[in-house]
Amino acid sequence: MAKIKKQFTVIKGMHDILPEDFKLFAAVKSIIDKFASFYNFSPIETPVLESLELFERSSGQSTEVVQKQMFSLLTKGGDALAVRPEGTPGIVRAYIEHGLSHAPHPLKLYYYGYMFRYEKPQAGRYRQFHQAGFEIFSNEIDPIYDVQAILTSDRILEAIGIKNLTVQINSIGDKNCRPPYLEKLIKYYKSKSKLLCADCKERLKKNPLRLLDCKEDQCQELKLEAPKLLDFLDSNCRNHFRRVLEYLEDLHIPYMLNTSLVRGLDYYTKTVFEITAEGLDASLAGGGRYDYLAELLGGRKTPAVGVAIGIERVIEIIKAHNINLPMPKVKSKIFISQIGEAAKKKALSLIEDLRNEGILVAEALGKDSLRAQMKMADRYGADIGLILGQREVYEETIIVRDLKSGVQETVPLKRLAEELKKRLKTVGR
Ligand code: AMP
């Protein structure tokens, strides 16, 4: 009996991007690239694999990203690595490693690539997803850069056509004013520990700030009475935050103070923010200031702020709201058909010759009838048909047919490129 072969499917939480969707991803990427260069961000690419310790040290040993969501592995050589759950630690590692601190500052970098998190898959939450990230390294801690990070991501989302964006914003203080706040917070939650969900009982021990963004009903209620970090900011952090809000108002960027927004990573200081859109539970972008990270990774003190946009969520909104993006037009207006073995062989080299001349040609090189090939040309939306048969091969000619009017003429192959260039001008390419 024949054995039934196992069929493979995509791994849980990962997803294929098929050609139709790929066009959307490409259109979004092209808007991002355009804005990045417009706002003076230089592209940077770092590897998907980094040392496990890099993330443990930057994102924080006790954070959910490191504890639960990291795809980590041991190489055959015994190195402990992690597939990046986020872009910032790799960028800061590269910044230090390549002496980018000597480049003129502010140094604005941007990246686009896959991130990997072992999360529970659900709508808008994948285990492999794209982020476009923007990082600004500066000489001084200036709220103007926080606002530039917010502005860049907000403008990109707006340019994509996403409406009703809101910036949720908070300040989580710095290493001077956060510890006394944490003491108060822990004291408050210890007094309510029996009422906490199981995860929050752990958070209370390991990462108390995260108690504030638990989504469980029982914890949401407790949050209402919890001490607020904003009330504990020292004058330096309070001034910084006030100026960020003033700049946002000047730029007419709508924001909402969200005192329980803490973000999942240890390295944030002062401003943290997320951008949400109406009708979407989860955020489209998130970021914040991270003034101690470079030092924590062995570099010198470097004020910095960054933001990452989640591309899959952007694509989901585009689809749900039928947003029309300017699609890159790469469609060929020429379709070549062939009949017979000699013509097929000739067509293959002819297509190459035309492509070398910069002329885009779509082709049918199978064994289909001319009628079937013409149908394909029609479905493809071509304006010009090229038909190659035995006779044309022999005479070194080709039939050039105007697919709209059906009028056709035989053209010597030598003159084909010139003829096509002339015709393409009249059909608008
Ligand atoms: P974060 O790096 O957690 O600040 O996330 C920044 C943005 O990346 C979010 O606002 C989302 O748009 C996106 N994002 C984060 N996690 C996921 C995920 N698991 N699947 C899809 N998108 C995500």
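Everything below is about the structure shown above.
Residues numbered from 1 in each chain as written. Predicted model: local features only at pLDDT ≥ 70, side-chain atom pairs only at ≥ 80, totals over all residues. Heavy atoms only, no water.

> Could you clarify how one ought to interpret the site of the ligand in this entry?
In the vicinity of the ligand there are 15 residues, among which R117, E119, Y126, R263 and S283 approach most closely. Taking 490 Å² as the accessible area of the ligand by itself, protein coverage stands at 92%. When contributions to the shell around the ligand are tallied by element, the ones reaching two or more residues are β6 (128–137), β10 (285–289) and β11 (304–310). Residue composition of the shell around the ligand, by class: five nonpolar, five polar and five charged. (Near = heavy atom within 4 Å. Areas by Shrake-Rupley, 256 points an atom, 1.4 Å probe, with all protein chains shown as cover. Helix = DSSP H or I, 4+ residues; strand = E, 2+ residues; numbered from the N terminus. Nonpolar A, V, L, I, M, F, W, Y, C, P; charged D, E, K, R; others polar.)

> What's the story with the pattern of salt bridges in this structure? I'm lost.
Pairing between side chains of opposite charge can happen when their charged atoms approach one another. This structure, assessed with the given rule, holds 29 salt bridges. Residue R423 pairs with E409 through a salt bridge whose shortest N-O separation is 2.8 Å. One end of the pair, R423, is in helix α15 (residues 416–426); the other, E409, is in strand β16 (residues 408–412), and 14 residues separate them in sequence. Residue R423 is classed as buried on the basis of its relative accessible area, which comes to 17%. R415 is the salt-bridge partner of E419, the closest N and O atoms lying 3.7 Å from each other. (Salt bridge = Lys/Arg side-chain N within 4 Å of Asp/Glu carboxyl O. Buried < 20%, exposed > 50% of the residue type's maximum accessible area, 1.4 Å probe, protein only.)

> For this particular structure, what's the right way to read the pairing of strand β7 (residues 165–171)?
Within a regular strand, side chains alternate between the sheet's two faces. Of all seven residues in β7, six are buried; the element is thus mostly enclosed. The pairing of β7 with strand β9 (residues 269–277) spans seven bridges and is antiparallel. By the bridge assignment, L165 is partnered in β9 with A277. Pairing analysis gives three bridges linking β7 to strand β8 (residues 255–257), with the strands arranged parallel. In the sheet register, Q168 faces β8, and the bridge partner there is M256. (Pairing = 2+ DSSP bridges.)

> Could you clarify how one ought to interpret the sheet that holds strand β13 (residues 361–363) in this entry?
Strands pair in a sheet through their backbones, by hydrogen bonds, and they do so in one of two ways: parallel or antiparallel. One open sheet holds the five strands; their spatial order is β13-β12-β14-β15-β16, and the pairing between them is mixed. The sheet is open, and its two edges are formed by β13 and β16, each paired on a single side. Taken over all neighbouring pairs, the strand axes of this sheet differ in orientation by 30° on average, direction set aside. Pairing of strand β12 (residues 334–338) with β13 involves three bridges; the strand directions are parallel. (Axes fitted to C-alpha atoms, helices over the stretch in contact; angles between N-to-C directions.)

> For this particular structure, what's the right way to read the packing of helix α1 (residues 19–38) against helix α5 (residues 143–160)?
Helix-helix packing: each pair is described by the crossing angle between the helix axes and the interaxial distance. Orientation of α1 relative to α5, taken along the N-to-C sense of each, is 140°, at an axis distance of 10 Å. Compared by their axis directions, α1 and α5 come out oblique. You can see that α1 and α5 cross each other, and the crossing is right-handed. Of α5, the residues touching α1 (which contributes V28, I31, I32 and F35) are R155, I156, A159 and I160. A per-class count over the contact of α1 with α5 returns seven nonpolar, no polar and one charged. (Parallel < 35°, antiparallel > 145°, perpendicular 65-115°, else oblique. Left-handed = near helix turned anticlockwise from the far one by under 90°. Contact = heavy atoms within 4.5 Å.)

> I tried to follow the state of the cysteines on my own but got confused; where do I start?
A covalent bond between the sulfur atoms of two cysteines is what we call a disulfide. Within the structure shown, the criterion is met by zero disulfides. Here C219 stays unpaired: no disulfide links it, and the sulfur of C197, its closest cysteine neighbor, is 3.7 Å away. Judged by its relative accessible area of 2%, C219 is buried. Unpaired in this structure, C237 has its nearest cysteine sulfur neighbour in C177, at a distance of 3.8 Å. (Disulfide = S-S within 2.5 Å.)

> Is there a simple way to think about the sheet that holds strand β3 (residues 71–74) in this case?
Strand order in the open sheet formed by three strands is β2-β4-β3, with antiparallel pairing between adjacent strands. A strand with exactly one partner marks an edge of an open sheet, and here the two such strands are β2 (49–51) and β3. On average, adjacent strands in this sheet sit at an angle of 35° to one another, irrespective of strand direction. Across three bridges, the pairing between β2 and strand β4 (residues 80–83) is antiparallel. Paired with S51 across the bridge in β4 is L81.

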